[in-house]
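Listed here are the chains, written in short residue letters.
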Amino acid sequence: MQKIGDITPTADANGEWTNGSVAGGTPPTIIDAAWLNTVQRELINVLKAAGITPDPTKDDQVITALAGYFLQAANNLSEIKTAGATAQGAARTNIGAAAVAGLVAQVFSVAPATLATHAPQACQMTGRNRLINPRFVVNQRSYASGATLALSSYGMDGWKASTAGSSMTFSALPAGQQVTIAGSFLQIVLAYDIEPGTYTLSWAGTSQARVYNVGASAPSYASSPITVAVSGGVNVNVEFNAGTLFTPQLEIGGVATTPERRLYQQEFALCQQRLFGLNLAGAQAVYGGAGTYISLSVYAPVSLRTNTSISLGSTSMTINQPGVGTAFTTTATPTAVGATSNMIAFNISGNWSGLSNGAPVIISSAAGITLFSSEP
Amino acid sequence: MYKIYKGEIIRTDNNTLIPKNDELNDYQNYLTWLDAGNVAITEEVEQSPEEEKTKATT
């Protein structure tokens, strides 16, 4: 922009207007057409940039143009709201680029992550991880660290040996624990937790993994992360080989996000759908068969996925019949599962005798935890 | 090792009752054990005095 000093030497030393001083011999600044045109062109250009055609009948076109350039602090961005949804979306993208746009998509549409920039937002959501007990905090079988397992035997909840002689070595940490695998372990993700789609398996540690449908040929192991297409409708094996392993996560989408952190109580309930344990001491039963069995039922903490196997904590069991006496057995054996969902009725055969047949009894002593397993 | 007791499959080393359910890992392990050529022992069931009495009168 031209200053008046660029046009006429009658401007002062700063290139600005002066009224002059006749007595002092300083002439006043000449009003020059060139400078007036400069000012006019500047104003016209404000209008042009705003897409406004100069209209000689209006004298508010400059302020109209400026209103299009600037948000007024007192309006709290209402100009963008008034401009409509497209403008709002563009504004979100513009101020935070893809990360902010991704935040909106993840929070409100719960769409699978498609960009790495979605990860910081997706990590706030629970329910992403289709694996249970990924931090190895639930151990209802009291599996001993480093103990070798037979093929297809479960150790920590949800994890079973996929080769004979496998073991997990671990030490407890407040937020879960890393395990060291010898051999290999797998977890079966149930079909009803696997809708068709692209999944990403990620984890920390040196173990390698593979994901495949139960019954299908196992692919080669690979390092984290693994992205696979899952057809759905069948159970899925997630298998890890020898090495260290922590926070494995199987989630829908093509991007690995920050490991989900579930509360222990949530994790425990997820595990109990496949396995729960009870100390039967204190349970009420009915004495039957003239001393050959007792009948009882227990209520599962969560509805089980199918009927269960029953593993007595001990073959030694003492029962008490109020007002009559006690009886003891060393050959207690469970028989006859009577239910499939959350009420489990069964008998325990034994060599009790001396009590009143058909009457209620209390199991007064039963060592160990009786396990009810519907593990796949 | 497994036995058949009162018609039920019992894993003897941990005293586990195993329903015949293909969805259960315990039952799959039993089938694998059979496929390996093993045979479950059928254990005799002791009859209670009442059962014996009933049998005697019928």
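Remember, it's a predicted structure, so these values are computed and weren't measured experimentally. (Residues numbered from 1 in each chain as written. Chains lettered and ligands numbered in written order. Predicted model: local features only at pLDDT ≥ 70, side-chain atom pairs only at ≥ 80, totals over all residues. Heavy atoms only, no water.)

(A) Quick look at the pairing of strand S19 (residues 370-373) of chain A. Residues and elements named next belong to chain A. Of the two faces of S19, the one holding Thr 370 and Phe 372 and the one holding Leu 371 and Ser 373 are both buried throughout. In the sheet, strand S10 (residues 275-278) pairs with S19 via four bridges, with the strands oriented antiparallel. Within the sheet, the bridge partner assigned to Phe 276 lies in S19 and is Phe 372. Across three bridges, strand S13 (residues 309-311) lies against S19 in antiparallel orientation. Bridging from a neighbouring strand, Ser 309 pairs with Ser 373 of S19. (Buried < 20%, exposed > 50% of the residue type's maximum accessible area, 1.4 Å probe, protein only. Helix = DSSP H or I, 4+ residues; strand = E, 2+ residues; numbered from the N terminus. Pairing = 2+ DSSP bridges.)

(B) Quick look at the nonpolar core. All names here are of chain A. One finds Leu 280, Ile 294, Met 317 and Ile 348 to be the most contacted residues of the largest nonpolar core, which totals 28 residues. Elements represented by at least two residues in this core include exactly strand S11 (284-288), strand S12 (293-299), strand S14 (317-321), strand S17 (343-349) and strand S18 (360-366). Excluding its chain neighbours within four sequence positions, the residues that come into contact with Ile 294 are Ala 285, Val 286, Tyr 287, Met 317, Ile 319, Phe 346, Asn 347, Ile 348, Trp 352, Val 361 and Ile 363. Counting 27 residues, the second largest nonpolar core, distinct from the first, contains Leu 149, Met 156, Trp 159 and Val 228. (Core = buried A, V, L, I, M, F, W, Y, C linked by side-chain atoms within 4.5 Å. Contact = heavy atoms within 4.5 Å.)

(C) Examining the interface of chain B and chain A more closely. Taken together, the contact between chain B and chain A spans 20 residues of the former and 30 residues of the latter. In this structure, the connection of chain B to chain A is made through one salt bridge. With a closest N to O distance of 3.1 Å, Arg 305 of chain A and Glu 23 of chain B form a salt bridge. Summed over the shared surface of chain B and chain A, the result is 14 residue pairs in polar contact (both at pLDDT 80 or more). Mapped by element, the contributors of at least two residues to the side of chain B that touches chain A are strand S1 (2-5), strand S2 (8-11), strand S3 (16-18), helix H1 (25-35) and helix H2 (49-57) of chain B. Pairing geometry for S13 of chain A and S3 of chain B, over two bridges, is antiparallel. Across the sheet, Ile 310 of chain A pairs through a bridge with Leu 17 of chain B, a residue of S3 of chain B. (Salt bridge = Lys/Arg side-chain N within 4 Å of Asp/Glu carboxyl O. Polar contact = N/O pair within 3.5 Å; in protein donor to acceptor, adjacent residues only side chain to side chain.)

(D) Local environment of the pattern of salt bridges. All names here are of chain A. Under the definition given, this model contains eight salt bridges over all chains. As a salt-bridge pair, Arg 130 and Glu 195 come within 2.8 Å of each other at their nearest N and O atoms. Residue Arg 130 is located in the loop between helix H6 (119-122) and strand S1 (160-161), and its partner Glu 195 is located in the loop between strand S4 (185-189) and strand S5 (197-204); the two are separated by 65 residues in the primary sequence. Accessibility expressed as a relative area gives 16% for Arg 130, which makes it buried. Here Glu 260 makes a salt bridge to Arg 262, at a shortest N to O gap of 3.6 Å. Assessed through its relative accessible area of 10%, Arg 262 is described here as buried. Overlapping salt bridges, with partners in common, bring together Glu 260, Arg 262 and Glu 267 in one network.

(E) Structural view of the packing of helix H2 (residues 33-49) of chain A against helix H3 (residues 61-69) of chain A. Residue and element names in this part refer to chain A. Contact pair H2 / H3: the axes reach a minimum separation of 9 Å and the direction vectors enclose 50 degrees. With respect to their mutual orientation, H2 and H3 come out oblique. Between H2 and H3 lies a crossing of left-handed hand. For the pair H2 and H3, contact is made by Leu 43, Val 46, Leu 47 and Ala 49 and by Gln 61, Val 62, Ala 65, Leu 66 and Tyr 69, respectively. Counted by class, the contact of H2 with H3 contains eight nonpolar, one polar and no charged residues. (Axes fitted to C-alpha atoms, helices over the stretch in contact; angles between N-to-C directions. Parallel < 35°, antiparallel > 145°, perpendicular 65-115°, else oblique. Left-handed = near helix turned anticlockwise from the far one by under 90°. Nonpolar A, V, L, I, M, F, W, Y, C, P; charged D, E, K, R; others polar.)

(F) Structural detail: a nonpolar patch on the surface. All names here are of chain A. A cluster of nonpolar side chains, namely Ile 63, Leu 66, Tyr 69 and Phe 70, defines an oily patch on the protein surface of about 390 Å² accessible area. Locating Phe 70 in the fold gives a position in the loop between H3 and helix H4 (78-83). According to the relative accessible area criterion, Phe 70 is exposed, its value standing at 54%. (Patch = residues over 30% accessible without salt bridge, like charges linked within 9 Å, V, L, I, M, F, W, Y side chains within 5 Å. Areas by Shrake-Rupley, 256 points an atom, 1.4 Å probe, with all protein chains shown as cover.)

(G) Summary view of the sheet that holds strand S8 (residues 236-240) of chain A. All names here are of chain A. Read from one edge of the open sheet, four strands run S1-S4-S8-S6, paired in antiparallel fashion. At either end of the open sheet lies a strand with only one pairing partner, and these are S1 and strand S6 (209-213). As defined by bridge partners, S6 adjoins S8 across five bridges and the pair is classed as antiparallel. Each residue of the ladder has a partner; that of Val 211, found in S8, is Val 238.

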